[in-house]
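Fold and contact review
Each chain, written out:
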Amino acid sequence: MLVGALTLAACGQEDGSSTEKWTADVVTVDCCTTSRLPSPSGTKSLIFEPDGAGEMRVILSAGWLRREEIAAAAAPVLASWGPGSQGVFLSGGRAGDFRLFHTPDNGSATELTGAPGAIASAYRAQGECPAASAPELRGLGWSADGRRVLVLASAPSCSSMVMVLDAGDGRVLERYGADEAAQRFAGLMPAGGGGVTGP
């Protein structure tokens, strides 16, 4: 159950174009009200609280006495729990504002801080956009087993790419150019192509 100003962006879509199944259960959190996003297991939730200046405080709650502020992000925030409730990603309203967390059952969270840098490095390595030091990043979904995360990376006047990250350590495992990503992950892309552009 979604409580507060949460908008369901995509619910349970699966990409059938490859042998691996991907799901997207990504919500958009608006800036003006406190909202709660329960985990699939029901044992944890994310609480989003506005700070009055356009930022959202993101709190991981595993019960009344187990709360931890894990992030502050510019609104609107895209958020998604992994299928097994062992991970969560947040995409904020600024370029490069993508955060990936490991969220074990003990109610704590560990941010995989290397993920945004690994994505930016892989994006720059495509050759045509070496100056894109902070591409815009948007989480798209999770593999059905929760071990991989899809992230869309784009920058003005450059081709978009979709990266597959290891949800355990934030490493980039695979990357796909705009055309291949549009075919392979069509069911997970934002409406209207989501900025997936070719050269």
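As a reminder, the structure under discussion sits directly above these lines.
Quick look at the structure, then. From a predicted model like this one, the values you see are computed outputs, not experimental measurements.

Criteria and thresholds
Residues numbered from 1 in each chain as written. Predicted model: local features only at pLDDT ≥ 70, side-chain atom pairs only at ≥ 80, totals over all residues. Heavy atoms only, no water. Helix = DSSP H or I, 4+ residues; strand = E, 2+ residues; numbered from the N terminus. Contact = heavy atoms within 4.5 Å. Areas by Shrake-Rupley, 256 points an atom, 1.4 Å probe, with all protein chains shown as cover. Buried < 20%, exposed > 50% of the residue type's maximum accessible area, 1.4 Å probe, protein only. Arc of directions from axis to C-beta. Salt bridge = Lys/Arg side-chain N within 4 Å of Asp/Glu carboxyl O.

1. So, the overall build of the chain
Of regular secondary structure, the chain possesses two helices and 14 strands. Of the contacts made within the chain by residues no fewer than 6 positions apart, 45% connect residues no fewer than 24 positions apart. Counting only carbon and sulfur atoms, one obtains 51% of the accessible surface of the chain, whose full area is about 8900 Å².

2. So, the environment of M161
Relative to the helices and strands, M161 is located in strand β13 (residues 161-166). Note on M161: relative accessible area 5%, which makes it buried. Each C-alpha atom of the pair M161 and A122 lies 9.4 Å from the other, and the pair is 39 residues apart in sequence. Dropping the residues within four chain positions of it, M161 is found in contact with A122, Y123, Q126, V151, L152, A153, R175 and Y176.

3. Observations regarding helix α1 (residues 115-124)
Listed in full, the buried residues belonging to α1 are A115, P116, I119, A120, A122 and Y123. Projected down its long axis, α1 shows its buried positions confined to an angular sector of 165°, all on one face. Looking at the buried side of α1, the elements it contacts are β9 (98-102), β11 (136-143), β12 (148-154), β13 and β14 (172-177).

4. Focus: the pattern of salt bridges
Per the counting criterion, the structure on display carries seven salt bridges. Between E69 and R57 there is a salt bridge whose closest N-O contact spans 3.1 Å. On the criterion of sequence distance, the pair formed by E69 in strand β6 (residues 67-74) and R57 in strand β5 (residues 55-61) is long-range, its members being 12 residues apart. A residue is classified by how much of its surface remains accessible, and E69, at 44% relative accessible area, is partly exposed. With a relative accessible area of 31%, R57 lands in the partly exposed category. One salt-bridge network, held together by shared partners, links E49, R57 and E69.

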